[in-house]
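The chain contents come next:
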Amino acid sequence: MEIILKQDVENLGHRDEIVNVKPGYGRNYLIPQGYAILATETAKKIHAENMKQRAHKEAKLREEAEALAAKMEGLELTIATKTSSTGKIFGSINTIMLAEALATKGFEIDRKNILMKDKAIKEVGKYNASVRLYKNIKANFSFNVITEETAE
């Protein structure tokens, strides 16, 4: 019996694959649980069309992410914050501050997609971070942390 998987099934296959299973397994478990649909000729044509459209959308998203990564590569940001006389920051620099600094440069990035190499930045200096733009596309950038007095 041929079926089209609607989601990943362990030891059987991944989502949107067409697989052969024993009739009882497909009829009594996979289809009633919503894990699969019967692979009729009509369902196969619809599946092929959906896969073609999804591939086109993913190619477009990947292309946009690569263009954004090319723009962001080598970007340098400056973040001004309150510090003590010894150069220690009151609080720490986090991804929210980096997202706001990127927004001022014209890059609308969700803070959850920003990966900082150093988790807790508590001193003035130069640091590196990266942004996850798509599945495996990342852009690296650096940022300087300075005291507010020198920023004015």
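Here, the structure is the one placed above.
If you're wondering where the values come from, they're calculated on a predicted model, not measured in any experiment.

A.B. asks: Before we move on, can you summarise the nonpolar core with the specific residues and values?
C.D. replies: Core analysis: the biggest nonpolar cluster contains 26 residues, and Met-72, Leu-98, Leu-102, Ile-121, Phe-141 and Phe-143 have the highest contact counts within it. Secondary-structure elements contributing two or more residues to this core are helix H2 (41-72), strand E4 (76-81), strand E5 (88-93), helix H3 (95-104), strand E6 (114-116), strand E8 (125-134) and strand E9 (137-147). The dominant element in this core, judged by the number of residues it contributes, is E9, at five residues. The residues touching Phe-143, leaving out its near neighbours within four places in the chain, are Leu-77, Ile-79, Ile-93, Leu-98, Ile-121, Gly-125, Lys-126, Tyr-127, Asn-128 and Ala-129. Core analysis: the next-biggest nonpolar cluster, separate from the first, contains seven residues, Ile-3, Val-9, Val-19 and Val-21 among them.

A.B. asks: How would you sum up the environment of Ile-4? Please name residues and give values.
C.D. replies: Following the sequence through the fold, Ile-4 ends up in strand E1 (residues 2-5). Along the chain, Ile-4 and Tyr-35 lie 31 residues apart, while their C-alpha atoms are 8.7 Å from each other. Apart from the residues lying within four places of it in its own chain, the contact partners of Ile-4 are Glu-17, Ile-18, Tyr-35, Ala-36, Ile-37, Ala-39, Ala-43, Lys-44 and His-47.

A.B. asks: Provide a residue-level description of unusual backbone geometry, including the pertinent values.
C.D. replies: Its identity as a non-glycine residue notwithstanding, Asn-11 has a phi of 65 degrees, on the positive side. Note that Asn-11 resides in the loop between E1 and strand E2 (18-20). For Asn-11, a relative accessible area of 79% translates into the label exposed. The phi angle at Asp-16 is positive, at roughly 70 degrees, despite the residue not being glycine.

What counts as what
Along every chain, residues carry numbers that run from 1 in the direction the sequence is written. Reporting of local features is limited, given that this is a predicted model, to residues whose pLDDT is at least 70; pairs of side-chain atoms are given and counted only at 80 or more, and all residues count toward the totals for whole chains, interfaces and linings. As a rule here, side-chain values come from all non-hydrogen atoms in the structure, and water together with hydrogens is ignored. The definition of a nonpolar core used throughout is a set of buried Ala, Val, Leu, Ile, Met, Phe, Trp, Tyr and Cys residues joined through side-chain atoms within 4.5 Å. For every residue, the accessible area (1.4 Å probe, protein chains only) is compared with the maximum for its type, and the residue is labelled buried under 20%, exposed over 50%, or partly exposed between those bounds. The numbering of helices and of strands both runs from the N terminus, where a helix is a DSSP run of H or I of at least 4 residues and a strand a run of E of at least 2. Only heavy atoms enter the contact rule, under which two residues are in contact if any of them lie within 4.5 Å.

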